[in-house]
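Take a look at the letters that make up each chain.
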Amino acid sequence: MIVENQRCFGKEIVNSSLYQSMETGVIVEKAKKPFSIIPRVFAISLDEKENKIFRRESERIQIELENEKPKETKIPQNVHLYTDEIFQHLLIEENKYQIDQYMTPETQPNINMKMRAILVDWLIDVHAKFKLRDETLYLTISLIDRYLAKEQVTRLRLQLVGVAALFIACKYEEIYPPALKDFVYITDNAYVKSDVLEMEGLILQALNFNICNPTAYQFLSRYSNELDPKNKALAQYILELALVEYKFIAYKPSQITQAAIFLVNKIRTPNYKTQNEALLKPCAKELCQLLQAAEQNSLQAARRKFNTIKFYEVSRIKVEVISK
């Protein structure tokens, strides 16, 4: 026997007060449960409550432990079996993407080093506001320099190049990149969406869609294994100060990273020595001068960023003249 209003799935059949006996085939009325206005959360037994609290506390502790792990342990590329091969590949690849000095009257007659520095300083602020990954910033600056080494840019379109490069880097590095409208908004609507998309296409075409090039941050993850978190933050601060300065494009990413770590060790231990010290000293000396002059520099985005608890307030560290 079939009752029409019982021919359904879901809560109608489940909550029905009727059911059909499997043995007799007779429809029997079930005993109705008393209606209660007590919220379910208060109807849970004390033991069940304690179990739930315990599970939540265990989950919270697990999350905290995950967050306390070094970031390097979360990087998929840090696979013990292939670490050396990946590192050697990065050393080979960085030679392919090394660029020459491009800020000359012939190559870039409409912009200069100061304009580039202002753009990079602004991008460091934008990167921090969007809370993007560290890799995204370094890739953005690399894309800008590689594009400017190939194509002439006017002063009015320099910021557009920076925004489009950040747009590309976010697509490559971020799981949830900001929306296109956000990139238009940060320019104070100096450009429209079609401008950003057009420049994105021009950059990709000029670079032949070769986006993934080694950056200083990738080498920092490898070379900083022996540094504690505060010293690593100081090394990263030095690298981001160097991002603003055009002259440091003359150095390979691996070289500038090694020089930054050498400088950090020298600051902490004046008598620190290393095997390739002679090769690192010229770059380390320039980085040291940059670090000492950071407080007086008009571009302060990197100092603001690293003057936070997250980075152990390393931008407050005063560096004296280091003996040769």
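Residues numbered from 1 in each chain as written. Predicted model: local features only at pLDDT ≥ 70, side-chain atom pairs only at ≥ 80, totals over all residues. Heavy atoms only, no water.

Chemist: Run through the overall build of the protein, naming residues and quoting values.
Modeler: Looking only at helices and strands, one finds 14 helices and two strands in the protein. A total of about 20,500 Å² of accessible surface is found on the protein, and carbon and sulfur atoms cover 55% of it. (Helix = DSSP H or I, 4+ residues; strand = E, 2+ residues; numbered from the N terminus. Areas by Shrake-Rupley, 256 points an atom, 1.4 Å probe, with all protein chains shown as cover.)

Chemist: Please provide a residue-by-residue account of helix α4 (residues 83-96), values included.
Modeler: For α4, built from 14 residues, the straight-helix expectation of 20 Å at 1.5 Å per residue is met to within 8% by its first-to-last C-alpha distance of 21 Å. If you check which residues of α4 are buried, you get Phe87, Leu90, Glu93 and Glu94. For α4, the angular spread of the buried residues around the axis is 125°, confining them to a single face. Turned more than 90 degrees off the buried face of α4, the exposed positions are Ile92 and Lys96. (Expected span 1.5 Å × (residues − 1). Buried < 20%, exposed > 50% of the residue type's maximum accessible area, 1.4 Å probe, protein only. Arc of directions from axis to C-beta.)

Chemist: Give a description of unusual backbone geometry that names residues and reports values.
Modeler: Residues apart from glycine generally show negative phi values, whereas peptide bonds are mostly found in trans. A positive phi angle is found at Lys131, which is not glycine, with a value near 55°. Inspection of the secondary structure puts Lys131 in the loop between α5 (113-130) and α6 (134-148). When its relative accessible area of 74% is taken as the criterion, Lys131 is described as exposed. With phi around 60°, Asn189 is a residue other than glycine that occupies positive phi space. Within the secondary structure, Asn189 sits in the loop between α8 (180-185) and α9 (193-206). A residue is classified by how much of its surface remains accessible, and Asn189, at 54% relative accessible area, is exposed.

Chemist: Quick rundown of the pattern of salt bridges? Include the residues and the values.
Modeler: All told, the structure shown has 13 salt bridges when counted by the stated rule. In this structure, Lys305 engages Glu240 in a salt bridge whose closest nitrogen and oxygen atoms are separated by 3.0 Å. Of this pair, Lys305 sits in helix α14 (residues 301-305) while Glu240 sits in helix α11 (residues 229-244), and the two are 65 residues apart along the sequence. Here the two residues Lys305 and Glu240 agree in accessibility, since each one is buried. The network of salt bridges with common partners includes Arg133, Glu135 and Glu173. (Salt bridge = Lys/Arg side-chain N within 4 Å of Asp/Glu carboxyl O.)

Chemist: How would you explain the environment of Cys212 if you had to name every residue and give the values?
Modeler: Position of Cys212 relative to the elements: it lies in the loop between α9 and α10 (216-223). A C-alpha to C-alpha distance of 9.7 Å links Cys212 and Ser142, two positions 70 residues apart in sequence. The contacts of Cys212, once residues within four sequence positions are left out, are Tyr97 and Tyr172. (Contact = heavy atoms within 4.5 Å.)

Chemist: Tell me what's going on with the nonpolar core, and back it up with residues and numbers.
Modeler: A general tendency of soluble globular proteins is for nonpolar side chains to be buried together. By size, the foremost hydrophobic cluster in this structure holds 84 residues, and its most contacted members are Ile203, Tyr237, Ile256 and Leu287. The greatest single-element share of this core, amounting to eleven residues, is contributed by helix α7 (residues 155-173). If we skip the residues at most four places from it in the chain, Ile203 touches Tyr147, Val161, Ala164, Ala165 and Ile168. (Core = buried A, V, L, I, M, F, W, Y, C linked by side-chain atoms within 4.5 Å.)

Chemist: If you had to explain the side chain of Thr140 to someone new, which residues and values would you point to?
Modeler: Structurally, Thr140 can be placed in helix α6. Here Thr136 takes part through its backbone oxygen, which lies 2.7 Å from a polar atom of the side chain of Thr140. With sequence-adjacent residues up to four places away left out, Thr140 is seen in contact with Leu123, Gly162, Ala165, Leu166 and Ala169. (Polar contact = N/O pair within 3.5 Å; in protein donor to acceptor, adjacent residues only side chain to side chain.)

Chemist: An account of the environment of Arg304 is needed here, citing residue identities and associated values.
Modeler: Along the polypeptide, Arg304 turns up in helix α14. Overall, the relative accessible area of 46% leaves Arg304 in the partly exposed class.

Chemist: Pulling in residues and values, what's your account of the packing of aromatic side chains?
Modeler: If you walk through the whole model with that rule in mind, you get eleven aromatic pairs. Relative to Phe219, the ring of Phe87 lies with its centre 6.0 Å away and its plane at 75°, an arrangement referred to as edge-to-face. You can see Phe87 sitting in helix α4 and its partner Phe219 sitting in helix α10, a full 132 residues away along the chain. There is no split in this pair, since Phe87 and Phe219 are both buried. (Phe/Tyr/Trp six-rings, centres within 6.5 Å; stacked < 30°, edge-to-face > 60°.)

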